[in-house]
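Fold and geometry: a report
Spelled out from the first residue to the last, the chains are:
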Amino acid sequence: PAQFLSAGQKKRTALARLLVAPRPIWLLDEPTVSLDTVTRHSLCRAIDNHLHARGLVVMTSHDDIVLQSMRELRLQPISRDMAPDMAYEDGVL
């Protein structure tokens, strides 16, 4: 049963599901968390292959992930000066 798997095993199980049920768009939230180095490299290859096959990947990560083809968007906190009409509380819109 999945409830007895480690965090890394659960992550690998979720990624395996992604690979066996092909989808054009992958939404990945911190996909490398709890993965060992070998599995991280395998994941990067799978993402590269998906992108090469004209798939789309939207991913968040605090890790440095190196891919062959990637566009990176780094988000920064918004200051009051940048968004004066928006509700702003404790650095969050």
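Residues numbered from 1 in each chain as written. Predicted model: local features only at pLDDT ≥ 70, side-chain atom pairs only at ≥ 80, totals over all residues. Heavy atoms only, no water.

1. Notes on the pattern of salt bridges
When the charged atoms of two side chains with opposite charge come close together, those side chains can pair. In total, this model carries 2 salt bridges according to the counting rule given. Measuring nitrogen to oxygen at the nearest pair gives 3.6 Å for the salt bridge that ties Arg 12 to Asp 36. Remark: Asp 36 occurs in the loop between strand E1 (25–29) and helix H2 (37–52) and Arg 12 occurs in helix H1 (residues 7–20); sequence separation between them is 24 residues. Classification of Arg 12 as partly exposed rests on a relative accessible area of 33%. Residue Asp 63 is joined to Arg 40 by a salt bridge in which the shortest nitrogen-to-oxygen separation is 3.5 Å. Of this pair, Asp 63 sits in the segment after strand E2 (56–60) while Arg 40 sits in helix H2, and the two are 23 residues apart along the sequence. For Arg 40, a relative accessible area of 31% corresponds to the partly exposed category. (Salt bridge = Lys/Arg side-chain N within 4 Å of Asp/Glu carboxyl O. Helix = DSSP H or I, 4+ residues; strand = E, 2+ residues; numbered from the N terminus. Buried < 20%, exposed > 50% of the residue type's maximum accessible area, 1.4 Å probe, protein only.)

2. Re the pairing of E2
Bridge count for E1 against E2 is 5 bridges, and the pairing is parallel. Pairing of Trp 26 across the sheet is with Val 57, part of E2. Taken together, E1, H2 and E2 form a β-α-β motif whose crossover is right-handed. (Pairing = 2+ DSSP bridges. Right-handed = clockwise from strand over helix to strand, strands pointing away.)

3. So, H1
The α-helix winds at 3.6 residues per turn, so residues separated by three or four positions along the chain end up facing the same way. The terminal C-alpha atoms of H1 lie 20 Å apart, and with 14 residues this matches the ideal 20 Å at 1.5 Å per residue to within 8%. Buried within H1 we find Gly 8, Leu 15 and Leu 18. Taken end-on, H1 shows its buried residues confined to a sector of 80°, consistent with a single buried face. In H1, the exposed residues that point more than 90 degrees away from the buried face are Arg 17 and Val 20. Buried residues belonging to H1 abut E1 and H2. (Expected span 1.5 Å × (residues − 1). Arc of directions from axis to C-beta. Contact = heavy atoms within 4.5 Å.)

4. Quick look at H2
The terminal C-alpha atoms of H2, which comprises 16 residues, lie 23 Å apart, in line with the 22 Å expected from a rise of 1.5 Å per residue. At its buried positions, H2 is contacted by H1, E1 and E2. In this structure Asp 36 caps H2, since a side-chain oxygen of it lies 3.1 Å from the backbone nitrogen of Val 38. Backbone geometry just downstream of H2 places Arg 54 in the positive-phi region, at approximately 70°. (Polar contact = N/O pair within 3.5 Å; in protein donor to acceptor, adjacent residues only side chain to side chain.)

5. Considerations on unusual backbone geometry
If you check the backbone angles, Glu 30 has positive phi at about 50° while not being a glycine. Note that Glu 30 resides in the loop between E1 and H2. Residue class for Glu 30 comes out buried when judged on its relative accessible area of 15%. In this model, Arg 54 sits at a positive phi of 70°, which is unusual for a non-glycine residue. Topologically, Arg 54 is positioned in the loop between H2 and E2. A residue is classified by how much of its surface remains accessible, and Arg 54, at 79% relative accessible area, is exposed.

The quantities given are spatial measurements derived from coordinates; they are silent on function.
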